[in-house]
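Residue strings, one per chain:
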Amino acid sequence: MTITKGKLVDGQCREAQLCARAAGGANAGHLVRFHLLPSGLINPKCMNFIGSGVVFHVPSFFSELKELEEKGLTAVHDRILVSDRVNILLDLHMAVDGLEERELGDEAIGTTKRGIGPCYQTSRARTGIKMTDVFYPALFEQKVRRLANGYQKRYGELLEYDVEAELARFNEYRETLKKYVVDGVSFMRSAQESDTKIVIEGANALMLDVDYGSYPFVTSSSTTLAGIIGGLALNPKNITETVGVVKAYTTRVGAGAFKTEDTEEIGTKLQEIGREWGTSTGRRRRYLVVVKFSNSINYYDTLNLTKLDVLDTFETIKIAIAYKVDGEELDSYPADLDILSRAEVVYHEMPGWQKPTTNARSYYELPKAARDYVEYIEKFVGVKIKYIGTGPDREAMIQRA
């Protein structure tokens, strides 16, 4: 069983029998406009599973499946299953998400406004709706109306939501959904006991984790290895490899502290070359403090360094390796945002390679300065970089022995 993310999942799933998602919702950017569905659907021989820790938006599920069909992928409806324990993300949650952001004003989190946070809120408050509830129309309607009434009292006329339209849509979805829903615990236990080759796909970065990320500017789920284990009922003893996926430069979505942010020429250049639209970009600066912090929580076996080719034209690579406050170096990424705001970033500079790495297929095809950069990251973090992305193509991935 391998745990990983993004384009690497695409490669791993060519041999996998099952690809699964454990947490998050339709806020995760994967491949071919994958947001809710696992990327393993690209492989016509791979079964896919959405685990109990995911918040599940039914319209997104069907619209993504339809889009994949239109792109020519085969039998997608026969290769996806959903846990009966997922929490249902309603259009109501989406409407509320935007209002909560408006309430926060200048302190807004910068969410995707796809309802992820409000859905997890109702789940933790024990007022949420499970997939099993959908198949009991009276109970489902009672729960939806109770949620809608509660939000109506809070937001009044600001809440733009049609409860009757939502209920009518689910009357249409109810029968169609049945074929996809399984007992999630039983399904995953059976898959593990039969030695199925499983790839688990992470959805969001460690720094967006609700407990260990740059709180409160985080997502609402656990994005850690522990969250993956819990979200899928995995036996930790069955995990053979955990791969940390990190870009060759740092980006961040949403609001919140980002000590190495560059909004000027370098940041703009990286945004254009790396196609980082919708994110705050971390430019030519590699944020190794965060990578090392992430490894202290997830304990990666290997790393996948992506988008190395985006740095091909830079003369100098500036790497954040520590924080100092009042002249003293911090041991780790601080929980206290005041300390973080006062922290001075310590940088290490390395020469750029200024040669193309795009579509390089072996490690020693890379310029020496690029290899030096890779090896510096390995030494600093203490984890081997096994996979190196060198372009947007599916095949543009170096795998080191």
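Residues numbered from 1 in each chain as written. Predicted model: local features only at pLDDT ≥ 70, side-chain atom pairs only at ≥ 80, totals over all residues. Heavy atoms only, no water.

Participant: Any chance you could break down the pattern of salt bridges for me, citing the residues and the numbers?
Facilitator: Evaluated as defined, the whole model comprises 16 salt bridges. Connected through salt bridges with shared partners, the residues Asp84, Arg85 and Asp183 form a single ionic network. (Salt bridge = Lys/Arg side-chain N within 4 Å of Asp/Glu carboxyl O.)

Participant: Tell me about the side chain of threonine 357, and please be specific about residues and values.
Facilitator: As for its placement among the helices and strands, threonine 357 is situated in the loop between strand 15 (344-351) and helix 13 (368-381). Note on threonine 357: relative accessible area 2%, which makes it buried. (Helix = DSSP H or I, 4+ residues; strand = E, 2+ residues; numbered from the N terminus. Buried < 20%, exposed > 50% of the residue type's maximum accessible area, 1.4 Å probe, protein only.)

Participant: If you had to explain the nonpolar core to someone new, which residues and values would you point to?
Facilitator: Residues Leu37, Ile50, Phe56, Phe61, Ile88, Leu90 and Leu92 are the most contacted members of the largest nonpolar core, which totals 40 residues. Only strand 3 (47-56), helix 2 (58-70), strand 4 (80-83), helix 3 (91-104), helix 5 (131-134), helix 6 (137-155) and helix 7 (163-177) provide two or more residues apiece to this core. With six residues, helix 6 is the single largest residue contributor to this core. Excluding residues that lie within four positions of it along the chain, isoleucine 88 makes contacts with Phe56, Val58, His93, Cys119, Ile129, Lys130, Met131, Val134 and Phe170. Core analysis: the second largest hydrophobic core is formed by 30 residues, Val246, Tyr300, Leu366 and Val374 among them. (Core = buried A, V, L, I, M, F, W, Y, C linked by side-chain atoms within 4.5 Å. Contact = heavy atoms within 4.5 Å.)

Participant: Describe in detail unusual backbone geometry, supporting the description with residues and values.
Facilitator: Cis geometry is found at the peptide bond from tyrosine 215 to proline 216, where omega equals 10°. The topology assignment puts proline 216 in the loop between strand 7 (198-201) and helix 9 (225-232). In the Ramachandran plot, alanine 75 falls in the positive-phi region, its phi being about 50° despite a non-glycine side chain. The exposure class assigned to alanine 75 is partly exposed, which follows from its relative accessible area of 43%. The backbone of tyrosine 299 sits at a positive phi, close to 50°, despite the residue not being glycine. Turning to its location among the elements, tyrosine 299 is positioned in the loop between helix 11 (288-298) and strand 12 (302-306).

Participant: Give a description of the environment of glycine 230 that names residues and reports values.
Facilitator: By the secondary structure assignment, glycine 230 is in helix 9. Overall, glycine 230 belongs to the exposed group, its relative accessible area being 58%. With 179 residues separating them along the chain, glycine 230 and glycine 51 place their C-alpha atoms 9.4 Å apart.

Participant: A description of the packing of aromatic side chains should follow, citing residues and the corresponding values.
Facilitator: As enumerated under the stated definition, the model contains 13 aromatic pairs in all. With 5.5 Å between their ring centres and 35° between their planes, phenylalanine 293 and tyrosine 333 make a pair best called tilted. Note that phenylalanine 293 is positioned in helix 11 and tyrosine 333 in the loop between strand 14 (328-329) and helix 12 (337-342), a separation of 40 residues in sequence. For the pair phenylalanine 293 and tyrosine 333, one class covers both residues: buried. For the pair tyrosine 376 and phenylalanine 380, a centre-to-centre distance of 6.4 Å together with 25° between the ring planes defines the contact as stacked. Separated by four residues within a single helix, tyrosine 376 and phenylalanine 380 lie in helix 13, roughly one turn from each other. Feature note: the residues Phe56, Phe61, Phe62, Phe140, Phe170, Tyr173 and Tyr180 constitute an aromatic cluster, connected by ring pairs. Here the guanidinium or amino end of lysine 292 rests over the ring plane of phenylalanine 380, the centre of that ring lying 4.8 Å away. (Phe/Tyr/Trp six-rings, centres within 6.5 Å; stacked < 30°, edge-to-face > 60°. Lys NZ or Arg CZ within 6 Å of the ring centre and 35° of its normal.)

Participant: Lay out the confidence of the model for the protein with the relevant residues and their values.
Facilitator: Per-residue pLDDT for the protein has a mean of 87; in total, 87% of the residues score no lower than 70. Low confidence marks residues 274-285, where pLDDT is under 50. Its contacts with residues over four positions away, or in another chain, come to 59 contacts. (pLDDT = per-residue confidence, 0-100.)

Participant: An account of helix 9 is requested, with residue identities and associated values reported.
Facilitator: The element helix 9 is largely enclosed, with a buried count of six among its eight residues. Buried within helix 9 are the following residues: Leu225, Gly227, Ile228, Ile229, Gly231 and Leu232. One or two steps after helix 9, the chain reaches alanine 233, where phi turns positive at roughly 55°.

Participant: Tell me about the pairing of strand 8 (residues 241-247), and name the residues and values.
Facilitator: Most of strand 8 sits inside the fold, with five of its seven residues counted as buried. Both strand 8 and strand 12 contribute to a ladder of five bridges, which runs parallel. What sits directly across from glycine 244, in strand 12, is leucine 303. (Pairing = 2+ DSSP bridges.)

Participant: Tell me what's going on with the environment of histidine 348, and back it up with residues and numbers.
Facilitator: Relative to the helices and strands, histidine 348 is located in strand 15. The class of histidine 348 is partly exposed, set by a relative accessible area of 27%. Expressed as a C-alpha distance, the spacing of histidine 348 and isoleucine 321, which sit 27 residues apart in the sequence, is 6.6 Å.

Participant: So what's going on with the environment of threonine 223? Which residues, and what values?
Facilitator: As for its position among the elements, threonine 223 is in the loop between strand 7 and helix 9. Look at threonine 223 and you get buried, because its relative accessible area is 13%. It is 5.9 Å that separates the C-alpha atoms of threonine 223 and asparagine 204, two residues lying 19 residues apart in sequence. Ignoring anything within four residues of it in the chain, the contact list for threonine 223 reads Asn204, Ala205, Leu206, Leu208 and Asp209. Of the polar contacts made by the side chain of threonine 223, one reaches the backbone oxygen of alanine 205; its length is 3.0 Å. (Polar contact = N/O pair within 3.5 Å; in protein donor to acceptor, adjacent residues only side chain to side chain.)

Participant: Would you mind going over helix 4 (residues 116-124) in detail, with residue names and values included?
Facilitator: For an α-helix, 3.6 residues make a turn, and residues three or four places apart therefore share a direction. The buried count for helix 4 comes to seven of nine residues, which makes it a mostly enclosed element. Listed as buried for helix 4 are Ile116, Gly117, Pro118, Cys119, Tyr120, Thr122 and Ser123. Where helix 4 ends, the next residue or the one after it, arginine 126, has phi of about 65°, a positive value.

Participant: Mind laying out the packing of helix 3 against helix 4, listing which residues take part and the relevant values?
Facilitator: The geometry of a pair of packed helices is captured by two quantities: the angle between their axes and the separation between those axes. Viewed as axis vectors pointing N to C, helix 3 and helix 4 meet at an angle of 110°, and their least axial separation amounts to 7 Å. Looking at the two axes, helix 3 sits roughly perpendicular to helix 4. Within the contact between the two elements, helix 3 uses His93, Val96, Asp97 and Glu100 and helix 4 uses Ile116, Pro118, Cys119, Gln121 and Thr122. Taken together, the residues that form the contact of helix 3 with helix 4 break down as four nonpolar, three polar and two charged. (Axes fitted to C-alpha atoms, helices over the stretch in contact; angles between N-to-C directions. Parallel < 35°, antiparallel > 145°, perpendicular 65-115°, else oblique. Nonpolar A, V, L, I, M, F, W, Y, C, P; charged D, E, K, R; others polar.)

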